[in-house]
Every structure is written in C-alpha cells, then in structure tokens.
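Secondary and tertiary structure notes
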Amino acid sequence: MDEEEIEKAVIAYLRKRGFKQTELTLQEEQQQQQQQQTKTTSANSQTEPEVAKLILSFPSVLENLPARYHDGYSKLRSWTYSSLDLYKHELLRVLYPVFIHCFMDLVAKGHLQEARAFFNTFREDHETLHLRDLQKLEGVLSPTHLEEMEFAHSLRQSKVNIKMCKYSYELLLQYLHNTQSITMLGVINEHINFQVSPGQPSSISEDAEAITLIGSGQDAANLINQREIHWGLLEDSLDDRLEKSGALLSDSDKAEGENKEGETEEAKKKSVDGGKQGASVKKLKKDKVSSASGKSGHPEVNTSSGVPRVKAELPLPVIPAEVEQSILEDLRNRVQLNSVALPSVSFYTFLNTHNSLNCASISYDGSLVAGGFSDSSLKVWDMSKLGQQAGNCAMQGENDGASNEHILGANAGKTSYTLFQGHSGPVYSASFSPLGDFILSSSSDSTVRLWSTRLHANLVCYKGHNYPVWDVQFSPFGHYFASCSHDRTARVWSIDRIQPLRIMAGHLSDVDCVQWHVNCNYIATGSSDKTVRLWDIQSGECVRIFIRHRSMILSLAMSPDGRYMASGDEDGTIMMWDLASGRCVSPLVGHTSCVWTLAFSGEGSLLASGSADCTVKLWDVTASTKVLRTEENKTGNSNRLRSLKALPTKSTPVYSLRFSRRNLLFAAGALSRGL
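Cut-offs applied
- Residues numbered from 1 in each chain as written.
- Predicted model: local features only at pLDDT ≥ 70, side-chain atom pairs only at ≥ 80, totals over all residues.
- Heavy atoms only, no water.
- Helix = DSSP H or I, 4+ residues; strand = E, 2+ residues; numbered from the N terminus.
- Buried < 20%, exposed > 50% of the residue type's maximum accessible area, 1.4 Å probe, protein only.
- Areas by Shrake-Rupley, 256 points an atom, 1.4 Å probe, with all protein chains shown as cover.
- Pairing = 2+ DSSP bridges.
- Axes fitted to C-alpha atoms, helices over the stretch in contact; angles between N-to-C directions.
- Parallel < 35°, antiparallel > 145°, perpendicular 65-115°, else oblique.
- Contact = heavy atoms within 4.5 Å.
- Phe/Tyr/Trp six-rings, centres within 6.5 Å; stacked < 30°, edge-to-face > 60°.
- Polar contact = N/O pair within 3.5 Å; in protein donor to acceptor, adjacent residues only side chain to side chain.
- Salt bridge = Lys/Arg side-chain N within 4 Å of Asp/Glu carboxyl O.
- pLDDT = per-residue confidence, 0-100.

**Some words on the overall build of the chain**
A count of helices and strands for the chain gives 19 helices and 34 strands. Within the chain, the proportion of its 675 residues that are buried is 53%. For the chain, the exposed surface amounts to about 30,700 Å²; the carbon and sulfur share of it is 50%.

Now the structure itself:
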C-alpha cells in the first residue's frame, strides 16, 4: 500500500469511530505538507533558470578574465600608492609579486596579447629593483615557456615571504574585502606568505630583508644545508708552523718590515696603461663585462687555536723551502689590524683605458698587476720595473703613436708592461698563482689560458666550457684552479690536465664568480640566479645554498679561518654567511652600486669591499660576529656589521682588492672621466 491509501484508511477509521477532532488535525497536517511541497517545487523552478543563466554567462566571464587582472592590479596599485606614508613602504612590497604572478597567470591561461599589454603597462614600476628579473620574464611568450624556463618555473612553484606589521596587514585585508577583489585575493593567497609582526612598521632600510623566496627552492636549500661540512684549516698549515717556530715579532720589528715592503711599493701609485668599462653595468648578457672577484684566499690564514683542523681532500703541491721561509717571514711581520688600526692602502689607477678594461688582478705581494681588455689582450705590469723607468714609460697618452708604446717581449728592453696575446675574445678575469710565477685568464672565447710570468708565454689552453667564462681563480696553494661560465656550471681543474676534474652544475643562470675555501676542500660560486652555493671538491656535490640576495652576485671572499664567507651583489649589498649553519650573519649596507670585489684581512678582523660607486669600504668583522647571537636573541633582528671607514676615489670604480701577507691593502681600478 502506498502512502495515500494508508492516509485514506486512517481517516475512514477515525470517521467510523467518531474521532472528528483527530480527523481534522490529520487533514490540516496533510494540507500543510502539500503546501510545503508546492513551495519547494516552485523554488526549484525559479533556481534552475538562474543556474542555467550563470552557466551560459561563464564564457563571458572567461573573456573578461584579462580585464579582471588588469583592473584588479591597477586598483590595488592606486590604493597602495595613496596609502599613508607610515604604511606605504610595507604595502608596496606586495605589488611586485602580484605583478609577476598576474602576468604569468595570464600567459598560462593563453591570453598572450593581454599578458604582454599588462606587462608593458606596469613594468616601469619595478625596473629599478627588479630589472634582471623583468628581462628574463620578458622572454616568456607562451605557456610552454613557463615550464621550460627554470626561473619562471621556480617562481610559480614557490611562495614569496613578505614581512609587515599587523596594521599594514589588516589594511590590506580590509581593502581586499571591501572591494571584493577576488582575483587579486586569489593571487595573494596562492603565491604570498605574510609574516605579521606586532608593533609599528619596519624602517624602509629593511626592505631588502623583508622579501624572501620560500617554497620548494627554500625547502631544498634547508635540506641541503643540513649536511655536515668541515670549514677548518688544514693540518700542518703555515699557521701551525708559524706557531711552532715562535711568537710573532715585536712592533718595532714589524715597523722595520713595513719599511722594507714600502720601499718596493714606492712606485705603486703610478698610472698604468689599459682600458675598461667605467660606471656602466658590470656585465651584459651578450657583451658581458665581469670584473675579477676579490681574491682573499691565502696560504697564510688566520692563526687561531680555536679553529678546527681538517685533512686535505686534494693532493696539494709542496712549497719550496725558501718560499716557505719567505712566507713565514711575511707572516711574522704582519700588522695586526682592528677597528682602531686600519690598513694602509696602495691604489693602482689605470689611465686612458677608453672603457676597455674588463678586469684587474694583483699578485699576493703586490709586485705584479694584470689587466684584461676587450681587445682580447692580457697585460701585466711589474711594479719594480715601473719604478726604475721614466715617468712617461708608465703611461700611454691618448695621442701617443706606436713609437711611444713600450711592449715587453722575450727580447725587449725597457718597457712598461708584458703583453699576452692568445684569446680571441674579451678577457673577463685574471688570477695570479700564490707564488706569482703563473697567471690564468678567462675569456668570452670559452677558454681559460695559463701564462708564465717568467717566460712571458702561453703554456696551456683549457677548453671545456661551452660559453664565455666569467671568472677564474687559482686555489690558495696553486696547482688547482676553478672557473665559472655562462653555461651555468663551475669547473675545477689542475694545471697539468687539459680536462676538468669536477663539473659543478645546479645554478639556474650564469655563474658569475667563484672563490676557493682556504682549506681547498670547497669552492663557492655566485650566480645571476641570486644564490651562492658551496661545493664539495671531492664529491662535486652542493653542500650549501645561500638564499637572500635580491640581485646577481658579483664577488665572493672567504675569511682566513674558513668559517665565514662574504658575497657582494649588483645592488651594492654585501652578505656575511656562516658556512657551518648556512645562515646569514649580517647584511652590510652602504654601497650605492655594484660590489665588484671583496677581501678579508690576514687575521680576518676586517673586510674590505670595492664598488662601482668609486669607494673602498672597511667593515669591522670581529665585533659583529662575537655579539651576533646575543643581539639576535634580544632584538630578533640580524646584526649589521659596523662600517669603519669609507675611502673614496676621485672617479675610479674599484675592480680588485688584495691584502698582502703583511696586511697592506692593494686596490686597482680604471679612471672613468664620465663619472
């Protein structure tokens, strides 16, 4: 029996028994149920057309998607720039990640023309801080490019971590809620992670530290940074021998030693001939100009009883006894530098370079200076010979003819420099061996060449890279060297083999600079992908990834005890890293342009930096590293190294720095009249 028949039977039974009141109540309930069913049916009939209408309008929503991105970002941008000055600089941090992800979302959805129009409309806002990134994203022309281009792929797979105060965060949420900016809210929710802090907004000077990339890249870096590394000095190093041989000399003996060294450096401020780019960008992708990074790895490293000793993973060359004695003598006469006792500086200035000097390098004792030029030549000046010649021999005037050009060849007489020719493209880097008897050069012709400074001849041409080689560095003990290239790899070589011993691959863009660890068991590489990596020489594996820079890394330096590393980038920021933990010890803010070279003093208490802003800056390393953990625990902010002194030049960008074994600071650069 169905439900209606049951209800009829019940009503008939109630009527037969005379239960009229119960019969009426049951009939009222039946009528209410029927009315409810009627309303439900009517509501369904009204809802279905609305759903159908929404489904039919969905294609038009898709058609308006580019306009939603454009209008949403434009309104967010206008609101941000019109915000109160107190919060504006924090809110502005949101615009760049929203901009690039809106562009990539439009490309991924196939709206290529609209994506290009969106990119060109708003790119000018971000060119000052993110020009390199924009140049890379400009090449994204199809959805497949987002997957093929590693830079774009890593951006889409990671989140941007932005620090802001609670007030700024609530203002942003309130704006998104009131304007119902669903598109912008979706982009922010998917690609941005906020670190909200109580209190007032941070200062504008901390903007460089407020935006970091997290996600898959950061997770991989954290995993790699957990590996153990041995950052100490080598067993039976020169420091150990120095400690065994006796105490350091007295101050009077050091002064006498300084006088002896000063006699050989009297002529070092004489100008030398060459050419190089002045204040222009350090390197371009097609016609790239890259200076030699700071050479701070020395056989003579910091004498510290607290520094652990490690075994060498490479068979190292034997230092001749007389050379070893000479080095130990220099170490005994080394001046101990600190925040009060700053180093003397000897600056080599290249004149009449005509913007063709690409790099400069100084030997360990400062007696030789090399310059690499755009005409594919390498020139080496001997400072002792310059001091013995007439003044005009050291310079080549703008109107000098061929008769006034003095070139030192195998049979030449008095000349100003030794000319090494062999490369078929601009020379981008040069590096002296620790003893000064060899010099390496790298070029856009994809090769590295080994030259003899005694024979004045090319000995070996090393071929392995497929693209221009931006940097090359001798190891602190000689015999081995490392190179890096536009092919995104770094390679480790020995001078007696024409094939590389190790190939380090992992960077997402050009590897622009390379530096050896003082114990020769590791090399560090800096890249245009804004990361620094530390590689194990024996295994060829990456053991540290340092992520915090906001632009390409141009220079690296290792502390003499092997514990810290400094890196300088295109924006003028320097980061000090703890190799053991992989963390940033402190950012150094002060330069206004590219940091082209870095160098630690012999005992590691000072860091010198040279920049395209025509200054050499000295930083106090010791005081900052001692109080680092204490201050972080108290304030939660990273400690900033104290800038001790800025040494400006008249109009000479600083290309190279080198501390001698006695702690005399050498510097080199080319006079730029356009500055």
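**Remarks on the pairing of strand β21 (residues 511-516)**
Most of β21 is tucked away, with 6 of its 6 residues classed as buried. Linking two consecutive strands that pair antiparallel, namely β21 and strand β22 (residues 522-527), is a turn of 5 residues; a positive phi of about 65° is found at C520 within it.

**Focus on the environment of M149**
Within the fold, M149 resides in the loop between α8 (143-148) and α9 (150-157). Classification of M149 as partly exposed rests on a relative accessible area of 23%. A sequence separation of 10 residues divides M149 from G139, and the C-alpha atoms of the two residues are 9.1 Å apart.

**Concerning the packing of helix α3 (residues 65-81) against helix α5 (residues 95-108)**
Where α3 contacts α5, the two axes come as close as 11 Å, and the packing angle between them is 175°. Taken as axis vectors, α3 and α5 run roughly antiparallel relative to one another. Here P66, Y69, Y73, L76, R77, T80 and Y81 of α3 come into contact with α5, specifically with L95, V98, F99, C102, D105 and L106.

**Let's talk about the sheet that holds strand β26 (residues 564-569)**
Spatial ordering of the open sheet is given by β25-β26-β27-β28, a layout of 4 strands whose pairing is antiparallel. The open sheet is flanked by β25 (553-558) and β28 (583-588), the only strands paired with a single partner. Each neighbouring strand pair of the sheet contributes to a mean axis angle of 25°, computed without reference to strand direction. Here strand β27 (residues 574-578) pairs with β28 via 5 bridges, running antiparallel. When the bridges of β28 are listed, D578 appears paired with R583.

**With respect to the packing of aromatic side chains**
By the definition in use, this model includes 21 aromatic pairs. Ring geometry for Y73 against F118: centres 5.5 Å apart, planes inclined by 70°, an arrangement best described as edge-to-face. Note that Y73 is positioned in helix α3 and F118 in helix α6 (residues 112-122), a separation of 45 residues in sequence. Looking at F118, the relative accessible area reads 1%, which means it is buried. Taking 6.4 Å as the distance between ring centres and 70° as the angle between the ring planes, the aromatic pair formed by F474 and F481 counts as edge-to-face. Of the two residues, F474 and F481, neither departs from the other in class, the shared state being buried. Members of the aromatic cluster, joined through ring pairs, are Y73, F99, F103, F118, F119 and F122.

**Overview of the sheet that holds β22**
What the 4 strands build is an open sheet, ordered β21-β22-β23-β24; its pairing is antiparallel. Each edge of the sheet is formed by a strand with only one pairing partner; in this case those strands are β21 and β24 (542-547). Between one strand axis and the next, the sheet turns through 20° on average, direction left out of account. Bridge analysis of β21 against β22 gives 5 bridges, and the strand direction is antiparallel. Bridge pairing links V514 to T525 in β22.

**Quick look at the side chain of S443**
With respect to the element layout, S443 can be found in strand β14 (residues 438-443). Of the polar contacts made by the side chain of S443, one reaches the backbone oxygen of P426; its length is 2.9 Å. Polar side-chain contacts of S443 include one of 3.2 Å to the backbone nitrogen of D445. In contact with S443, other than residues within four places in its own chain, are H423, G425, P426, V427, Y428, P468 and V469.

**Observations regarding the pattern of salt bridges**
Under the definition given, this model contains 11 salt bridges. Among the salt bridges present, the one from R77 reaches D125, with a minimum N-O distance of 2.4 Å. One end of the pair, R77, is in helix α3; the other, D125, is in the loop between α6 and α7 (127-137), and 48 residues separate them in sequence. A residue is classified by how much of its surface remains accessible, and R77, at 25% relative accessible area, is partly exposed. Residue R662 pairs with D330 through a salt bridge whose shortest N-O separation is 2.8 Å. Highlighted residues: R662 in the loop between β33 (654-659) and β34 (665-670) and D330 in helix α16 (residues 321-332), separated in sequence by 332 residues. By the burial criterion, R662 is buried, and D330 matches it. Where salt bridges share partners, they join R123, E127 and E138 into one cluster.

**Considering the confidence of the model for the chain**
Here the chain averages 78 in pLDDT, while 76% of its residues score no lower than 70. Per-element mean pLDDT across the chain ranges from 32 in strand β11 (residues 407-408) up to 96 in β14. Of the regions scoring below 50 in pLDDT, residues 254-303 engages in 209 contacts with residues more than four places distant in sequence or in other chains. Long-range and interchain partners of residues 629-639, a stretch whose pLDDT sits below 50, account for 17 contacts in this model, where long-range means more than four residues apart.

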